[in-house]
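As a plain string of letters, each chain reads:
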Amino acid sequence: MIKGKQYIGILCIGLNIITSCSKNNDWPETIDNDNRPTEQTTQPEYQPSFTLVQDNANTEILSLVEYKIGGQYRLNDIAQYDSIIWHVEGLEGKHHIIKKNTKDSIIVEWGWSHCFYLPGKYTTHLDFYQDNKQVKRYSTKIDVKANKDFLDTNWKDMKSTVVIGYINLLDAGYTAGIYHYANNQDKYVKVSYLTHRERSDKQKSDDKERLKKWMRQLYGEPLSYADQSDEIRKRFVSDFKYKDKDAIISVHALWITGQTRMALVHINNEDSDYYAVIGEPKETINL
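Quick caveat: nothing in here was measured; it's all calculated off a predicted structure. (Residues numbered from 1 in each chain as written. Predicted model: local features only at pLDDT ≥ 70, side-chain atom pairs only at ≥ 80, totals over all residues. Heavy atoms only, no water.)

### Structural notes on empty space enclosed by the protein
- Tallied over the full model, the rule gives one cavity of 30 Å³ or more.
- Taken as a whole, the largest cavity spans an internal volume of roughly 30 Å³.
- In terms of lining, the largest cavity is formed by Gln 185, Asp 186, Lys 187, Lys 241, Arg 261, Glu 280, Pro 281 and Glu 283.
- Residue assignment for the lining of the largest cavity shows that the elements contributing at least two residues are β14 (186-193) and β18 (273-281).
- Residue classes in the lining of the largest cavity are distributed as one nonpolar, one polar and six charged. (1 Å grid on protein atoms, 1.4 Å probe; cavity = no way out; pocket = protein on both sides within 12 Å on 5 of 7 lines; lining within 4 Å. Points joined across faces, edges and corners; volume = space filled by probe spheres on them. Helix = DSSP H or I, 4+ residues; strand = E, 2+ residues; numbered from the N terminus. Nonpolar A, V, L, I, M, F, W, Y, C, P; charged D, E, K, R; others polar.)

Encoded structure:
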């Protein structure tokens, strides 16, 4: 299951349609019952309006936030722009809301979704471009918190086993997939990056560093960090319930918070080879 959705439309626009929509909309002169001319009236000139609509101003990390283009406008009002781009101030990456395939058609995403991976107060922008120049901007603000025991999880609320993908529009290559495992009192969460392609050794190394950086930004410095050291491996074996009898697990970092213990690991089995973070509810452990 992927947490996210886009509403995509394809507009096929001909020159005649665009021209007809730009004509003057004056009403004809009106005549009263006595056939005497009355004062000419005109319809107010049509002016399109746009807004950026955000479904929530306060949220938690990894919660789905939905956006859409709001306002009053016609299809041709969208088609006149070279591009419309959504981005988040202070974060890398941009998401294109319209893409022109040919001179006669464009693809428009009327609605889109994003999950924020770190807490903070963010400003998002929807920028409209013509002739490679920004001509309009609409913005929203959102306050993102990290109040749960581990990422998107409160341990007491975790009742079932499920896999969820958390859409990352700004860097799709690093969209998180989180496996939530619950079997009576036995619970854990495994976090890794989703991918539809085989990752090179360099990409796997980047996965490791990104996961470590993400956990450090959320939970501080690890208690210990040493690639495959005997001490860190022994602590993982003795303190964590997570086991995979079909995989070789190398341990690279350990964290502990008020509710959770975490480990950055490398998992290598017959079918896969990847880095992940394992999170478990904290019990009495020897650290």
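### Regarding the nonpolar core
- The biggest cluster of nonpolar side chains holds 53 residues, and the ones touching the most others in it are Trp 86, Trp 112, Leu 126, Phe 150, Leu 151, Trp 214 and Met 215.
- Residue contributions to this core peak at five residues, all from helix α3 (residues 201-219).
- Ranked by size, the runner-up nonpolar core spans 13 residues in total, among them Tyr 242, Leu 254, Ile 267 and Ile 278. (Core = buried A, V, L, I, M, F, W, Y, C linked by side-chain atoms within 4.5 Å. Buried < 20%, exposed > 50% of the residue type's maximum accessible area, 1.4 Å probe, protein only.)

### Some words on the side chain of Asn 168
- Among the secondary structure elements, Asn 168 is positioned in the loop between β12 (162-166) and β13 (176-183).
- Using a relative accessible area of 11% as the deciding quantity, one classes Asn 168 as buried.
- Separated by 3.3 Å, the side chain of Asn 168 and the backbone oxygen of Tyr 174 make a polar contact.
- Other than its neighbours up to four places away in sequence, Asn 168 contacts His 114, Tyr 117, Tyr 174 and Thr 175. (Polar contact = N/O pair within 3.5 Å; in protein donor to acceptor, adjacent residues only side chain to side chain. Contact = heavy atoms within 4.5 Å.)

Just distances and angles here, no functional claims.
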